[in-house]
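A look at the structure
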Amino acid sequence: MAHYQAADETDCIEFAKVLLSYLPSNNLDDPPPPAPPPAGDWDAALGITEQDAELDTLIPDSPNQPYDMHYVIVRILDDGEFLEIHSGFARNIVVGFGRIEGASVGVVANQPMHLAGCLDIDASEKAARFVRTCDAFNIPVLTFVDVPGFLPGTGQEWGGIIRRGAKLIYAYAEATVPKITVITRKAYGGAYDVMGSKHLGGDINLAWPTAQIAVMGAQGAVNILYRRELAAAADPDALRAQRATEYEDTLANPYIAAERGYVDAVIRPAQTRSQVTRALRALRGKRQTLPAKKHGNIPL
């Protein structure tokens, strides 16, 4: 019910001041413009720093080991300043405001530290509302993806995960602001589609070499595709590991997705800040007009 839980009145007022600093006066104004670099050197801000290089070793070797997505976010934004919204609700997804070159951006990111970053009903609605807020106020959306899928279970199904998860699809597809997506690790199935993918009109989609873009994870796919072969094998564990490696090498890697146009580039994690900055510069004048109609029909 609340976007922020303040410690006291002073904290509440300070939060409101900071929040308003990211927003334009109204929906017809542009957000605060980017600050010019010192001495007008636009390329100086694109160099790789020691802080950027720390991202190269962030992703754990095990795909099942979590990491804190906040660690990525603060290394991309100016001065590491990130104003998180709804931090206590649907903690498996992170939303909030920051700045890149002084210009406001809205950040949406899966959080592997909670529910492995799966999308559920609450996370879908939280992210959808935030994306639509950014679109309403002309703020670019920067998305970080590490999502193994939608959260399974009868509770989610009976609660309407398909209809309510579709709100996130609608929000990204409807948004006309610049949309930049960075895939850090898992990007599986329908959950990958709804997280600012090319299929929903993403403008610039980048992937780290650790990205796994596929219908499902290697272990799950192998158990389905090679069920009979595994049952008849003398050493099913060894065969499962072999098939999983083949699946990852031939299907679930970002280079295959890049060949098919699903991502624009596979980059070093250390290059993320500079590549996102370049993308925002290129998209600063983006103009997109939706088909003339009274309004869309969001799946409420």
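It should be noted that the structure appears before, not after, this text.
Summarised in this report is the structure supplied together with it. Predicted, not measured: the structure shown is a model, and the values here were computed from it. (Residues numbered from 1 in each chain as written. Predicted model: local features only at pLDDT ≥ 70, side-chain atom pairs only at ≥ 80, totals over all residues. Heavy atoms only, no water.)

With the rule as written, the count across this model stands at 15 salt bridges. Arg75 is the salt-bridge partner of Glu54, the closest N and O atoms lying 2.9 Å from each other. One end of the pair, Glu54, is in the loop between helix 2 (50–53) and helix 3 (70–76); the other, Arg75, is in helix 3, and 21 residues separate them in sequence. For Arg240, the salt bridge is made with Asp237, and the minimal N-O distance between the two is 3.1 Å. Of the two residues, Arg240 and Asp237 both sit in helix 10 (residues 236–250), 3 residues apart, roughly one turn of that helix. On the basis of relative accessibility, which here comes to 55%, the residue Asp237 falls in the exposed class. Beyond isolated ion pairs, a larger network of salt bridges with shared partners links Glu101, Arg281 and Arg284. (Salt bridge = Lys/Arg side-chain N within 4 Å of Asp/Glu carboxyl O. Helix = DSSP H or I, 4+ residues; strand = E, 2+ residues; numbered from the N terminus. Buried < 20%, exposed > 50% of the residue type's maximum accessible area, 1.4 Å probe, protein only.)

A few words on helix 10. Every α-helical turn comprises 3.6 residues, leaving residues that sit three or four positions apart pointing alike. For helix 10, with 15 residues, the first-to-last C-alpha span of 21 Å sits near the 21 Å given by 1.5 Å per residue. When helix 10 is considered as a whole, its buried residues turn out to be Leu239, Arg243, Ala244 and Tyr247. Projected down its long axis, helix 10 carries its buried residues within an arc of 135°, all on one side. Projecting away from the buried face of helix 10 at angles above 90 degrees are the exposed residues Asp237 and Asp249. At its buried positions, helix 10 is contacted by strand 7 (212–214), helix 8 (218–225) and helix 9 (227–232). (Expected span 1.5 Å × (residues − 1). Arc of directions from axis to C-beta. Contact = heavy atoms within 4.5 Å.)

A few words now on the pairing of strand 3 (residues 103–110). Burial of strand 3 is extensive: 8 of the 8 residues sit out of reach of the surface. A two-sided burial pattern is seen for strand 3, the buried positions comprising Ala103, Val105, Val107 and Ala109 on one face and Ser104, Gly106, Val108 and Asn110 on the other. Here strand 2 (residues 93–100) runs beside strand 3; their pairing, made up of 8 bridges, is antiparallel. The residue bridging Ile93 from the neighbouring strand is Asn110, located in strand 3. The hairpin formed by strand 2 and strand 3 contains 2 residues between the paired strands, and Glu101 there has a positive phi angle of roughly 55°. With 4 bridges joining them, strand 3 and strand 4 (residues 141–147) adopt parallel strand pairing. Each residue of the ladder has a partner; that of Val108, found in strand 4, is Thr143. (Pairing = 2+ DSSP bridges.)

The next point concerns the layout of surface pockets. Estimates place the volume of the largest pocket at around 480 Å³. Lining of the largest pocket is provided by 21 residues; of these, Asp30, Pro31, Asn138, Pro140 and Arg284 occupy positions nearest its centre. Mapped by element, the contributors of at least two residues to the lining of the largest pocket are strand 3 and helix 12 (272–283). Tallying contributions element by element places strand 3 first for the lining of the largest pocket, with 3 residues. Class assignment of the residues belonging to the lining of the largest pocket gives a composition of 13 nonpolar, 4 polar and 4 charged. As a volume, the second largest pocket reaches approximately 360 Å³. If you go around the second largest pocket, you meet 17 residues; those closest to its centre are His3, Ile85, His86, Arg129 and Thr133. With 5 residues, helix 4 (residues 121–136) is the largest single contributor of residues to the lining of the second largest pocket. Considering only residue class, the lining of the second largest pocket consists of 11 nonpolar, 3 polar and 3 charged. (1 Å grid on protein atoms, 1.4 Å probe; cavity = no way out; pocket = protein on both sides within 12 Å on 5 of 7 lines; lining within 4 Å. Points joined across faces, edges and corners; volume = space filled by probe spheres on them. Nonpolar A, V, L, I, M, F, W, Y, C, P; charged D, E, K, R; others polar.)

Now for the nonpolar core. Membership of the largest hydrophobic core comes to 38 residues, with the highest contact counts inside it found for Phe97, Val108, Leu119, Leu168, Ile183, Met195 and Ile213. Those elements that place two or more of their residues in this core are strand 1 (83–85), strand 2, helix 4, strand 4, helix 6 (161–174), strand 5 (179–188) and helix 7 (189–194). Beyond its immediate sequence surroundings of up to four residues, Ile213 is in contact with Ile183, Ala187, Tyr192, Leu251, Ala252, Asn253, Pro254, Ala257 and Val263. Of all hydrophobic cores here, the second largest spans 26 residues; its members include Leu58, Tyr67, Leu77 and Leu283. (Core = buried A, V, L, I, M, F, W, Y, C linked by side-chain atoms within 4.5 Å.)

To continue, consider the packing of aromatic side chains. The relative placement of two aromatic rings is captured by the distance of their centres and the angle of their planes. Under the criterion given, the structure shown has 3 aromatic pairs. Relative to Phe15, the ring of Tyr4 has its centre 4.0 Å away and its plane inclined at 0°; by these criteria the two rings are stacked. Here Tyr4 is found in the segment before helix 1 (9–21), whereas its partner Phe15 is found in helix 1, with 11 residues between them in sequence. Given the relative accessible area of 33%, Tyr4 is considered partly exposed. Relative accessible area serves as the criterion here: at 11%, Phe15 is assigned to the buried category. (Phe/Tyr/Trp six-rings, centres within 6.5 Å; stacked < 30°, edge-to-face > 60°.)

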